[in-house]
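Now for the letters of each chain:
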Amino acid sequence: MKENEKKDDLFRFVEYSAEAAERTGYSDYSYWKSVFQNFLKKKSAVFMAVVFFALVIFSFVALHIGKYEYTALKADSALAFQTPNSEFWFGTDNLGRDYWCQVWYAAQTSISWR
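The numbering scheme is per chain: residues are counted from 1 as the chain's sequence reads. Reporting of local features is limited, given that this is a predicted model, to residues whose pLDDT is at least 70; pairs of side-chain atoms are given and counted only at 80 or more, and all residues count toward the totals for whole chains, interfaces and linings. Calculation of side-chain values draws on the structure's entire complement of heavy atoms; hydrogens and water are dropped beforehand.

K.L.:
Can you explain the overall build of the protein? Please cite residues and give values.
P.N.:
The way it works is that DSSP assigns letters per residue, a run of H or I at least four long becomes a helix, a run of E at least two long becomes a strand, and they are numbered from the N terminus. For the protein, the helix and strand inventory stands at 5 helices and 0 strands. Start at the N end of the protein and walk to the C end: the helices and strands fall as α-α-α-α-α. A burial count over the protein gives 13% of its 114 residues as buried. We call two residues in contact whenever any of their non-hydrogen atoms come within 4.5 Å of each other. Partitioning the contacts of the protein with sequence separation of at least 6, the portion at a separation of at least 24 is 36%. The Shrake-Rupley method, run with a 1.4 Å probe sphere, supplies the accessible areas, and residue values consider only the shown protein chains as cover. Accessible area for the protein stands at about 10,100 Å²; split by element, carbon and sulfur atoms hold 61% of it. When a residue's accessible area, from a 1.4 Å probe over protein chains only, is under 20% of the maximum for its type it is buried; when over 50% it is exposed; and in between it is partly exposed.

Below, the structure written as structure tokens:
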């Protein structure tokens, strides 16, 4: 009889609880949370992301800062090959067109999905 008592001490029935069963199977792991946590650990990646978003935003703002409209780029050979100055911030090309407008309009066109 002592042998049966030892077996009873080793094993016993427990009550089943659906809530307890759900809690044991729960994991707080999220793939995207993990990705962003690892991304934020890399200072160079965060810095380059900030630079990238700044360039994207500035490409849409820059055309309003410049003195000339990209739609009104008219060739003027008298202004050809000017170095950067207060009037032409990036200088002019061989036809006298403002590089500032051309660069930022091209950036805006490259970024847009239209």
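Continuing now.
K.L.:
How would you explain the nonpolar core if you had to name every residue and give the values?
P.N.:
Among buried residues, those of type Ala, Val, Leu, Ile, Met, Phe, Trp, Tyr and Cys that are joined through side-chain atoms within 4.5 Å constitute a nonpolar core. Counting residues in each nonpolar core, the largest one holds 5 residues, listed as Ala62, Leu63, Trp100, Cys101 and Trp104. Counting only elements with at least two residues in this core, the list comes to α4 (43-65) and α5 (99-111). With 3 residues, α5 is the single largest residue contributor to this core.

K.L.:
Can you explain the packing of α4 against α5? Please cite residues and give values.
P.N.:
For the pair α4 and α5, the least separation of the axes is 9 Å and the interaxial angle reads 130°. Classified by the interaxial angle, the pair formed by α4 and α5 is oblique. With respect to the hand of their crossing, α4 and α5 are arranged in left-handed fashion. Of α5, the residues touching α4 (which contributes Leu55, Val56, Phe58, Ser59, Phe60, Ala62 and Leu63) are Trp100, Cys101, Trp104, Tyr105, Ala107, Gln108 and Ile111. Amino acid classes used here: Ala, Val, Leu, Ile, Met, Phe, Trp, Tyr, Cys and Pro are nonpolar; Asp, Glu, Lys and Arg are charged; the rest, including Gly, are polar. Of the residues assigned to the contact of α4 with α5, the class counts are 12 nonpolar, 2 polar and no charged. Axis definition: a line fitted to C-alpha atoms, over the contacting stretch in the case of helices. Angles run 0 to 180 degrees between N-to-C directions. The cut-offs work like this: below 35 degrees is roughly parallel, past 145 is roughly antiparallel, 65 to 115 is roughly perpendicular, and the gaps in between are oblique. Handedness of a helix crossing follows the sense of rotation of the near helix relative to the far helix, less than a right angle counterclockwise being left-handed and clockwise being right-handed.

K.L.:
Kindly report on the confidence of the model for the protein, identifying the contributing residues and their values.
P.N.:
Per-residue confidence for the protein gives a mean pLDDT of 84; residues scoring 70 or more make up 86%. Per-residue confidence from the predictor is given as pLDDT, running between 0 and 100. Of all the helices and strands in the protein, helix α1 (residues 2-10) carries the lowest mean pLDDT, 64, while helix α3 (residues 31-41) carries the highest, 96.

K.L.:
Talk me through the side chain of glutamine 108; I want residue IDs and the actual numbers.
P.N.:
Tracing the backbone shows glutamine 108 in helix α5. Those residues in contact with glutamine 108 that sit more than four places away from it in its chain are Ser59, Phe60 and Leu63.

K.L.:
Account for α4, with residues named and values stated.
P.N.:
The span you would expect from a helix comes to 1.5 Å times its residue count less one. Over its 23 residues, α4 extends 31 Å from the first C-alpha to the last, a length consistent with the 33 Å expected when each residue adds 1.5 Å. Take the seven residues that end at a residue and the seven that start at it, fit an axis to each, and the angle between those axes is the bend at that residue. Considering bend angle alone, the principal kink of α4 is centred on serine 59 and spans about 40°. On its buried face, α4 sits against α5.

K.L.:
Account for a nonpolar patch on the surface, with residues named and values stated.
P.N.:
Residues enter patches when they are more than 30% accessible in relative terms and free of salt bridges; like-charged ones are connected within 9 Å and nonpolar ones (Val, Leu, Ile, Met, Phe, Trp, Tyr) within 5 Å. What counts as a salt bridge is simple: a side-chain nitrogen of Lys or Arg found within 4 Å of a carboxyl oxygen of Asp or Glu. Taken together, Ile57, Val61, Ile65, Trp89, Phe90, Tyr99 and Val103 make up a surface patch of nonpolar side chains, about 590 Å² in accessible area. For the nonpolar patch, the secondary structure elements donating two or more residues are α4 and α5. Looking at the nonpolar patch, the element that brings in the most residues is α4, giving 3 residues. Within the secondary structure, phenylalanine 90 sits in the loop between α4 and α5.

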